[in-house]
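Here are the chains, one letter per residue:
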Amino acid sequence: MHKINRLFWGLLALAAVFLSGCGGSGADNPPEDVPETRNETPAETEPAPAETEPEAPEITFTGTDLEGNAVSSDIFSQSKLTVINVWATTCNPCLREMPGLGELAAAYDPEEVQIVGIIGDVLEGEDQTTAESLVEETGAAYPHLLLNESIYYALLTDVYATPTTFFLDKDGTVLNTVTGAKEKAVWEEIINGLLEAQ
C-alpha cells in the first residue's frame with residue numbers, strides 16, 4: 001500500500017509540474033496529439049435517431065485551502081456562480097491576472113459570485129510559503145485550494161495549461177471554461193453574461 005501511495009503522489013506531482021507550464025489560449029493551441037474533429041453528416045439517406053445528451057457527471061471533491069480550512073464541492077451551493085481559476089506559482093500570466101480577479105471577488109456579492117483559486121503546482125502537505133506570498137502580493141484575497149487527488153480527478157483531468165478558468169452554477173454544473181489569462185474587464189463581461197443567462 002505504501003508503494004501505491006508513493007506512486008500515486010509521484011504521478012500527481014508530475015501532473016502538477018505539467019500544470020505549472022503556462023499556456024496560451026487553449027482554443028488557439030490545442031494539444032498536437034488530439035485529432036481534429038469535424039462535423040460531418042453520414043452518407044445515409046435516413047437521418048440518425050435523435051440522441052439525448054448524456055448527463056454531466058456530478059463534480060464532488062474535498063480539500064484544504066491555503067489557510068488550512070476544509071473545503072468541499074458544497075462550496076458551489078454558496079453562490080449563484082462560482083469562478084474557479086487554476087493557476088501556478090511559476091506562471092506569469094496567472095499572476096498578472098490575479099489582481100483583477102481579486103478586485104472582482106471584492107466587487108460582487110458573494111451570494112451572486114465567488115472566486116476560488118486552485119494552485120496547480122502546490123500539493124497538500126507541501127511547503128506553501130511561495131503561494132501564500134504570491135496571493136498576498138497580487139491582492140487575490142479569495143480562497144485558494146491546494147492540489148490533492150480529489151480535486152485533481154474532479155476538476156483538472158482535462159486541464160493542460162495554466163491559467164484555466166471554470167464557471168460553475170450552484171449545482172456544480174460547468175457553464176463555461178476559458179484557457180489563458182484575461183483582463184479584468186473581459187472576466188467581468190463573461191461573469192455578467194453568465195449571471196444574466198441563469
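Residues numbered from 1 in each chain as written. Predicted model: local features only at pLDDT ≥ 70, side-chain atom pairs only at ≥ 80, totals over all residues. Heavy atoms only, no water.

Caption draft 1: Here's a closer look at the overall build of the protein chain. Scanning the protein chain for helices and strands turns up five helices and seven strands. Expressed as a percentage of the 198 residues in the protein chain, the buried residues total 42%. For the protein chain, restricting intrachain contacts to residue pairs at least 6 apart in sequence, the fraction spanning at least 24 positions comes to 76%. Counting every atom, the protein chain has about 11900 Å² of accessible surface; 50% of that belongs to carbon and sulfur. (Helix = DSSP H or I, 4+ residues; strand = E, 2+ residues; numbered from the N terminus. Buried < 20%, exposed > 50% of the residue type's maximum accessible area, 1.4 Å probe, protein only. Contact = heavy atoms within 4.5 Å. Areas by Shrake-Rupley, 256 points an atom, 1.4 Å probe, with all protein chains shown as cover.)

Caption draft 2: How the structure looks around the side chain of D65. Mapped onto the elements, D65 comes out in the loop between β1 (62-64) and β2 (70-72). K170 provides the closest opposite charge to the buried, salt-bridge-free D65, at an N-O distance of 23 Å. At 2.8 Å, the side chain of D65 forms a polar contact with the backbone nitrogen of N69. Excluding residues that lie within four positions of it along the chain, D65 makes contacts with V71, H144, L145 and L146. (Lys, Arg positive; Asp, Glu negative; His and termini not counted. Salt bridge = Lys/Arg side-chain N within 4 Å of Asp/Glu carboxyl O. Polar contact = N/O pair within 3.5 Å; in protein donor to acceptor, adjacent residues only side chain to side chain.)

Caption draft 3: Spatial organisation of the sheet that holds strand β6 (residues 164-169). Reading across from one edge, β5-β4-β3-β6-β7 is the order of the five strands in this open sheet, with mixed pairing throughout. Only two strands of the sheet have a single partner each, and these edge strands are β5 (144-147) and β7 (174-179). Averaged over all adjacent pairs, the angle separating strand axes in this sheet is 20°, with direction ignored. Bridge count for strand β3 (residues 81-87) against β6 is six bridges, and the pairing is antiparallel. Bridge assignment links V83 to a residue of β6, and that residue is F167. Where helix α4 (residues 149-156) meets the sheet, it contacts β3, β4 (113-123), β5 and β6, and its direction lies at approximately 105° from that of β5. (Pairing = 2+ DSSP bridges. Axes fitted to C-alpha atoms, helices over the stretch in contact; angles between N-to-C directions.)

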